Structures are given as C-alpha cells and as structure tokens.
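Coordinates in review
If you want the building blocks of each chain, they are given just below.
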There are 2 protein chains.
Amino acid sequence: MSIEQTINIGLFGFGTVGQGIYQVMKRATNAHAVIRRICVRDINKPRKVTPEPELLTDDESLILNDPDINLIVEVVDSPEASYRIVTSALRKGIPVVSGNKAMIARHLPELIDLQRRYDTALLYDASSCGSIPVIRNLEEYYDNDLLLEVKGILNGSSNYILSRVFDHNEEYADALRRAQELGFAESDPSFDIEGFDSLFKLIIITVHALGVYVAPDRIFTYGISSLSSFDIQYAREKRMKIKLVAQVVKVEPSKFTMFVMPEFVSPSKYIYSVDDEYNGVVIRGECYDRQFMFGKGAGSLPTASSILSDVMARRHGYRYEYKKMNYLELPGYTTDVELRVYLRFTDRMLPDSMPFVRINETYISEHNNYIIGDILLSDLIACRDLLSSPGTFIANIPRFFLDKD
Amino acid sequence: MSIEQTINIGLFGFGTVGQGIYQVMKRATNAHAVIRRICVRDINKPRKVTPEPELLTDDESLILNDPDINLIVEVVDSPEASYRIVTSALRKGIPVVSGNKAMIARHLPELIDLQRRYDTALLYDASSCGSIPVIRNLEEYYDNDLLLEVKGILNGSSNYILSRVFDHNEEYADALRRAQELGFAESDPSFDIEGFDSLFKLIIITVHALGVYVAPDRIFTYGISSLSSFDIQYAREKRMKIKLVAQVVKVEPSKFTMFVMPEFVSPSKYIYSVDDEYNGVVIRGECYDRQFMFGKGAGSLPTASSILSDVMARRHGYRYEYKKMNYLELPGYTTDVELRVYLRFTDRMLPDSMPFVRINETYISEHNNYIIGDILLSDLIACRDLLSSPGTFIANIPRFFLDKD
C-alpha cells in the first residue's frame with residue numbers, strides 16, 4: 001500500500017468499539033482512512049452513534065468482495081464470526097486489523113500461517129491492553145535476547161472491581177455490579193473475572209515476547225470470582241493488595257513459564273498502583289532492568305485509538321514479522337516450577353488431596369481455613385477441579401521473583 | 001539489508017556507553033551483529049572493559065572506508081566529533097545509530113535531509129530516555145492527530161538529585177556530589193542540571209510527536225542549580241515535589257508550546273513517583289487519555305540495550321520516516337502562552353523588572369522573597385538574564401494543564 005493511497009476500510013461490528021472507531025476516524029484527518037462500509041447483524045438496531053445509512057449492510061460478502069476495500073477492521077463480539085471473517089479476508093489477501101483476543105489467542109498459529117501463505121497482514125495491537133502499545137514494542141523494540149519477563153494487569157474490568165474493594169472498601173458484589181453499570185464488565189462477566197481475557201492477552205504477548213505459542217488449555221488460569229472478605233482482610237493485614245496478574249517469566253535461559261492468577265502485591269511493586277480500569281505492564285530485561293507501561297486498557301475510545309494506530313501502520317505496509325519465532329533456539333514452556341501459594345478452603349481435606357511440596361503455614365478456625373504452601377505449577381493444573389470447588393480461593397505469593405516487578 | 005545478512009558494526013567511542021554496547025552485543029546471540037572495529041581517541045587508555053586489541057583503532061577512516069562495515073554506532077562524547085562522524089557516514093550512505101542528543105537536537109533538519117538525499121538511515125532512540133522507547137512509539141504508534149501532550153522527566157541525573165533532596169532529606173550540594181560519585185552526573189554537571197540535556201531530548205521528541213523542529217535557543221530552559229532550601233521547604237509545605245520537567249503541549253489545535261523548567265508536582269501526578277535516576281514520560285491524547293512510560297533513563301547497560309534495539313531494527317531496514325513532517329497542516333510553535341510561576345528572588349526590584357500580567361501572591365521577609373504570578377512564556381524568554389541573577393529561582397505551577405498529567 002503506497003503512502004499516497006487512501007485506506008478504504010470495511011468495518012465488521014458496530015458495538016461500543018466499532019462506534020468508537022467511527023468517531024475516531026472522523027477526527028483523524030491525517031490518517032487518509034475512510035470507512036466505506038459497515039457490516040452489522042441487525043441494520044435496524046438503535047445505536048448511540050448513527051452512521052450514514054448507506055454505509056450499513058448485513059451482507060458480509062459486500063465487504064469481502066468489494067475490490068475498493070483494502071483493509072478490513074473486525075471488532076465483532078463473537079469469536080466464531082471473527083474467525084470466519086478474518087480467515088476469509090486473509091485468504092483473499094486483504095489485510096485485517098482485529099481486536100478479538102479470544103479468537104486470535106486460540107488460532108494464532110493458523111493466522112500466522114495464513115498471513116505468510118497469502119502475503120498479507122493481520123494487526124491486533126488493540127487486542128492486548130487497549131491503548132498501551134505492548135505488542136508492537138515487544139515485536140519491534142524488545143526484539144532481542146535480553147527479555148526476561150512480561151508481567152502485568154491486563155484486564156481492566158477485574159482490576160476495577162479489585163480496586164473498588166481494596167481502595168474504596170466496597171463489597172465484592174457491589175463492585176461487580178458497579179463495574180457492569182459502568183460498562184467495564186460484560187453482562188456475563190466470567191470472561192473478565194475468571195481470568196480468560198487476561199489469559200488470551202498473555203498468549204498473544206508471549207508469541208511476541210519469546211516467539212513461542214502456548215495453547216490456552218495448557219496454561220493455569222484462575223480468576224477472582226471466589227475472592228472473599230476473609231482473603232481481602234488477610235491481604236490488608238499484610239499491607240498487600242490482591243491483583244489479578246498475568247505473567248510470562250524465563251525461569252532459566254532455555255525455559256519459561258506462564259500463568260494467570262490472583263497475586264499478593266506489595267506497595268513497592270509498580271503494579272500495586274495500577275488502579276481502577278487501568279492496565280499496567282512491566283517488561284523486565286537483562287540490561288534495562290524494568291520498563292513500566294501504563295494506560296487505559298479498555299473502553300470504546302482507547303481501544304479505537306489503538307485500532308487507528310494499526311490502521312495507520314498499514315499505510316506504511318507494516319506487518320508483524322514474528323521474528324522471534326525464527327530464532328534458532330527458542331525457550332521451551334515448562335510448568336515444572338514451584339510456586340508459593342495462599343490456599344483458602346472450606347473442605348478441610350482439600351490440602352491433603354493436593355501434592356504440596358511443603359506446607360509453611362496452616363490456619364484453621366471455625367469459619368475460615370488457609371494454608372501457605374509450595375506446589376508445582378503442573379500440580380495446580382492437575383488440581384483445577386478441586387480448586388474450583390465452593391469455598392476455595394488460591395493466590396500466588398511471589399517468592400522467586402522478589403523485587404523484580 | 002536482508003534479514004540473513006550479519007550486521008558488521010563500526011563503533012565510535014568506547015566510554016561508559018560504548019563498553020556497555022560491547023558487553024550487550026556479546027549476550028545478544030540472536031542479533032547477528034558483530035563489532036568489527038572500535039575507533040577511540042587514545043588506544044592505550046586503561047579501560048574497565050578490554051576489547052580484543054585488534055579491534056581498536058584511532059583512525060576514523062579505517063571504519064568509514066571499510067566496505068564490510070554496514071552500520072556505524074556512534075557514542076562519542078564530543079558533539080563536534082559526533083557531527084563529523086555521523087554526517088560523513090550518512091554522505092557515504094552508511095546507516096548510523098547515534099546516542100548524541102546534543103548533536104542531534106542541534107542538527108536534526110540537516111540530518112533528516114542527509115538521510116533522504118543519501119537514502120540511508122539515522123536511528124537514535126537511545127538519545128532520549130535511554131531504555132524507554134519513546135521516539136519509536138511517537139513515530140510509529142502515536143502516528144495520528146490525537147496527540148495532545150508529551151511531558152516528562154527526561155534527565156536521570158537532575159532527577160536523582162531532586163529525589164535525594166525531597167525523598168531523603170539530603171542537602172542539594174551533598175546530593176549533587178553523591179550523583180557525581182555514582183556516575184549519574186558528569187564532572188561538569190551543568191548539561192544535566194541546567195536543563196539542556198532535557199531540552200535536547202524534548203526537541204527530538206517534538207519532531208517525532210508533532211512533526212515540527214524548533215531550534216534550542218527558541219525554547220525557554222531553566223534548570224535546578226539555584227534551587228534553595230527555602231524553595232524545598234515551600235514545596236514540602238504544599239505537599240508537592242519540585243521536578244525538572246520537559247513538556248510539549250498543544251495549546252489549541254493549530255498551536256503548541258514547549259519548555260523545560262522546574263515544576264511543582266502534586267502526588268496525584270504520574271511523574272510525582274518517578275524517583276532516583278529513573279525517567280518517566282506521559283503521552284496524552286484525545287481518545288486514549290494518558291499513557292505513562294517509565295524506566296531507566298541513563299546508565300551504561302540501559303543505554304546500550306536501547307542501542308541494541310536500534311541495531312536490530314536495522315536488520316529489518318527500519319528507518320524513521322518523519323511522517324508527521326509531511327502532514328498538510330502542522331501545528332505552529334508559540335510562546336504566547338501565559339504561565340503561572342513561583343519566582344523566588346533576592347533583589348526586591350526584580351518582579352518590577354518583569355512584565356507580569358498579574359501577581360497573585362507576594363511574600364517578603366528578611367531573608368527570602370517570592371511571588372506567585374502570571375507571565376507570558378515569551379516574556380520569560382526575554383527575561384532569561386534577570387532570571388539567572390544570583391538568588392533567583394523560578395518554577396512552573398501547572399494551572400492550565402491541571403489533572404492532565
């Protein structure tokens with residue numbers, strides 16, 4: 001695409017983010033990008049932002065077969081529709097900008113292959129941390145062997161809830177309801193609250209950080225839905241906050257691990273201060289120590305501005321090269337890593353059912369019980385069902401990575 | 001330069017940063033970059049890091065005329081030598097990575113012209129904020145009309161000193177000496193302390209943020225050398241810190257202003273927490289609100305890792321396109337902006353000699369006097385000599401930009 005050429009966008013999806021894109025494009029006069037057509041499921045649905053009626057269609061093929069459209073921007077809700085649209089476009093050689101992290105995290109190897117085979121591009125900086133350019137920086141700037149760790153708060157909704165609880169003393173249920181009212185959390189909040197949104201972002205980040213794809217079901221993911229006032233009180237007594245943290249960490253030069261789980265965070269850590277709906281990512285490397293990037297991770301306009309950055313990158317023919325995937329020696333994913341965890345439980349048999357390497361503290365009382373113990377990450381994965389039993393909550397106590405984030 | 005080709009580096013300068021580059025290159029096995037020759041002024045000078053003797057030369061032409069060398073990395077101290085080396089290399093079509101902010105800030109229009117005329121590249125992400133990729137992100141990611149402001153702490157040495165004073169209750173003179181002992185401040189610290197280092201970085205940042213070059217002598221620059229214990233006490237009473245802040249701000253859609261001066265920073269601001277030798281940059285935009293990037297801004301290895309990122313970018317033929325300079329409507333630089341300032345003075349006639357628009361507060365005592373007043377930035381520039389008279393200190397009180405950083 002030459003610099004002089006106008007970008008003619010076919011937009012799929014006109015929900016919160018789609019409407020934001022429409023508004024942002026109107027303001028960005030130097031972008032030389034125009035929305036030519038918008039494909040939605042229901043043309044007649046009332047919307048806060050109303051586009052010119054002739055732009056709207058419910059026929060996907062009107063975009064996919066339009067020779068004038070040279071970029072597809074896809075922000076539909078459904079991962080299945082997203083997959084169908086994105087793969088169809090790539091097979092036609094049309095470049096795509098997508099924000100659908102669930103779809104991308106599940107299908108990334110195939111999507112990389114399609115980009116190569118059809119010599120086209122798929123950009124998705126908006127899929128991870130909204131307006132924070134974490135993917136682009138990992139791909140382009142931290143493109144070397146020095147990277148040791150990427151760790152952060154990748155989900156704005158769950159962080160908003162935890163922030164209401166820890167900073168504003170709200171009850172968990174009230175905070176969740178408030179997040180839904182404000183539009184931070186989906187009507188079905190499990191995607192955010194159970195850690196899957198963070199997981200999908202972490203998978204994408206890891207491809208660009210270390211050049212390795214790990215499928216979702218191989219990664220330990222634990223959310224905050226079972227967080228109780230006892231856990232909150234426990235954290236407060238230790239002068240900590242509980243945050244939902246996603247991390248990928250090199251544990252030795254040729255091995256890395258990754259997981260999403262609640263974590264006790266002390267005030268000296270950068271992510272301690274990432275409050276409300278913000279996201280924060282710490283990139284740690286051998287020579288530059290720690291870099292911290294912080295910004296709005298969600299919302300209509302922040303996500304739309306990130307989409308705009310991807311659209312403008314296409315004006316200069318930008319594509320992810322997935323350079324690190326071609327490195328001769330790629331680090332291998334391991335779950336053979338010992339973690340120290342806080343486990344709160346109702347069923348007093350629970351700790352005995354789990355292969356703890358050692359138990360450092362035990363607290364038993366009439367209403368609440370917890371242990372602090374060391375356990376292999378692989379065993380946490382094996383015990384997923386036990387950990388989702390009622391009255392159970394688990395959180396990471398960073399021990400190996402002290403003072404590193 | 002094809003991806004398969006090895007990068008053969010000719011390195012100019014083997015001081016702190018040069019030695020860091022040498023060390024980092026040894027670790028970065030996937031970089032496919034090798035230092036072929038190192039040009040220094042004195043081959044026999046003892047050094048902490050000793051390269052292979054056959055690499056060293058004191059003859060510039062041995063690098064500039066070596067057809068095998070396909071990238072020059074220039075980290076010499078002297079801006080004059082830097083200018084000579086960089087322009088000679090560009091005229092020969094050899095791409096250059098440079099960390100010399102003083103030279104780049106003074107000669108950027110010519111350096112951009114040389115890159116175009118000789119179809120080659122000059123990369124200098126290491127010149128601004130060391131390991132924080134602020135230039136690259138402004139050039140590539142915030143490449144649109146939404147950008148409103150870039151503001152930050154760009155100089156690690158002066159921030160280290162202020163941090164010792166405000167966080168550790170040290171005397172200014174002790175803090176300066178300590179900074180010199182630790183190698184943060186040069187033996188002649190005026191470059192850091194008087195704000196010129198921040199100024200040069202700000203000029204480079206503004207080219208990539210807004211597409212406009214402004215020469216150093218047109219920009220108000222005031223440092224922290226005359227900060228006194230009275231000013232420190234005043235700030236403490238207001239629960240503020242004084243930071244040396246560089247900023248470029250759009251004051252209306254077609255106009256921007258920029259300056260470097262001490263500023264009262266309240267605890268709610270991101271840059272309040274940027275302590276010690278760290279740098280922090282806030283990028284504010286219309287849709288994404290505020291992004292905050294934070295990391296080590298100085299030092300041998302952080303700077304070297306930033307140089308490595310530029311070196312690896314050359315493997316993929318990356319160059320700054322200076323896209324924003326080609327926008328049809330560029331904002332214009334203005335100093336017709338009213339600032340609210342704190343002015344501490346000994347000579348009681350001083351305020352009358354300056355064209356304050358209004359004076360909001362006056363404090364006169366036996367030993368110390370200050371006023372809080374509003375004045376045009378253009379008048380501050382006109383009063384530079386008065387402001388450098390003994391017993392005088394001025395600091396910005398952000399009024400227009402409240403809650404924005």
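Here the structure is shown first, and the text comes after it.
Below is a summary of the structure that appears in this document. Keep in mind the model is a prediction, meaning the values are calculated, not measured. (Residues numbered from 1 in each chain as written. Chains lettered and ligands numbered in written order. Predicted model: local features only at pLDDT ≥ 70, side-chain atom pairs only at ≥ 80, totals over all residues. Heavy atoms only, no water.)

Accessible area lost upon the coming together of the parts serves often as the stated size of an interface. Contact with chain A, which involves 44 residues of that partner, is made by 44 residues of chain B. Taken together, the two surfaces of chain A and chain B that pack against each other cover about 3800 Å², and 52% of this comes from carbon and sulfur. The three residues of chain A that bury the most area against chain B are A:Asn30, A:Tyr141 and A:Cys287, which together make up 18% of that side's buried surface. Applying the counting criterion to the chain A and chain B interface returns four salt bridges. For A:Lys296, the salt bridge identified is with B:Asp289, shortest N-O distance 3.3 Å. Applying the counting rule to chain A against chain B returns 15 residue pairs in polar contact (both at pLDDT 80 or more). Those elements that place two or more of their residues in the side of chain A that touches chain B are helix H1 (16-27), helix H5 (134-140), strand E12 (289-296) and helix H11 (300-315) of chain A. A total of eight residues in the side of chain A that touches chain B trace back to one element, the largest contributor, which is E12(A). Each residue belonging to the side of chain A that touches chain B can be placed in one class, and the counts come to 21 nonpolar, 12 polar and 11 charged. Note that E12(A) and strand E12 (residues 289-296) of chain B share three bridges and pair antiparallel. Bridge pairing in E12(B) links A:Phe292 to B:Phe294. (Contact = heavy atoms within 4.5 Å. Buried area = accessible area lost by both parts, 1.4 Å probe. Salt bridge = Lys/Arg side-chain N within 4 Å of Asp/Glu carboxyl O. Polar contact = N/O pair within 3.5 Å; in protein donor to acceptor, adjacent residues only side chain to side chain. Helix = DSSP H or I, 4+ residues; strand = E, 2+ residues; numbered from the N terminus. Nonpolar A, V, L, I, M, F, W, Y, C, P; charged D, E, K, R; others polar. Pairing = 2+ DSSP bridges.)

Residues lying three or four places apart along an α-helix face the same way, a consequence of the helix completing one turn every 3.6 residues. Residues and elements named next belong to chain B. Its 12 residues give helix H1 (residues 16-27) an end-to-end C-alpha distance of 17 Å, which sits within 8% of 16 Å, the value for a rise of 1.5 Å per residue. Residues Gly 18, Gln 19, Gly 20, Ile 21, Tyr 22, Val 24 and Met 25 constitute the buried set of H1. Residues of H1 that are buried make contact with strand E1 (7-12), strand E2 (33-39), strand E4 (71-74) and helix H11 (300-315). (Expected span 1.5 Å × (residues − 1). Buried < 20%, exposed > 50% of the residue type's maximum accessible area, 1.4 Å probe, protein only.)

Enumeration over the complete set of coordinates arrives at 49 salt bridges over all chains. The partner of A:Lys241 in a salt bridge is A:Asp167, and the shortest N-O contact between them spans 3.2 Å. Of the two residues, A:Lys241 is situated in strand E9 (residues 241-252) and A:Asp167 in helix H6 (residues 156-168); the sequence distance between them amounts to 74 residues. Here B:Glu170 makes a salt bridge to B:Arg164, at a shortest N to O gap of 2.7 Å. Bridged by salt links that share partners, the residues A:Asp167, A:Lys241, A:Lys243 and A:Asp275 form one connected network.

Let us look at the packing of H6(A) against helix H7 (residues 172-181) of chain A. Residue and element names in this part refer to chain A. Here H6 crosses H7 at 135°, and the two axes come no closer than 9 Å. Judged by the inter-axis angle, H6 sits oblique to H7. Between H6 and H7 lies a crossing whose hand is right-handed. Along the contact surface, H6 presents Tyr 160, Ile 161, Arg 164 and Val 165, while H7 presents Tyr 172, Ala 175, Leu 176, Arg 178 and Ala 179. (Axes fitted to C-alpha atoms, helices over the stretch in contact; angles between N-to-C directions. Parallel < 35°, antiparallel > 145°, perpendicular 65-115°, else oblique. Left-handed = near helix turned anticlockwise from the far one by under 90°.)

Before going further, it helps to examine the sheet that holds strand E3 (residues 56-57) of chain A. Residue and element names in this part refer to chain A. The parallel open sheet is built from six strands, whose spatial order is E3-E2-E1-E4-E5-E6. Looking along the sheet, the strands with just one partner apiece sit at the ends: E3 and strand E6 (122-123). Judged from the two bridges that link them, strand E2 (residues 33-39) and E3 form a sheet pairing that is parallel. Looking at the pairing, Ile 38 lines up with Leu 56 of E3. Here H1 sits on the sheet in contact with strand E1 (7-12), E2 and strand E4 (71-74), set at roughly 155° to E2.

This part takes up the environment of A:Ile38. Residues and elements named next belong to chain A. Relative to the elements of secondary structure, Ile 38 occurs in strand E2. The exposure class assigned to Ile 38 is buried, which follows from its relative accessible area of 0%. Spatially, the C-alpha atom of Ile 38 lies 49 Å from that of Arg 344, the residues being 306 residues apart in sequence. Other than its neighbours up to four places away in sequence, Ile 38 contacts Leu 11, Gly 13, Phe 14, Tyr 22, Pro 51, Leu 55, Leu 56, Thr 57 and Ile 63.

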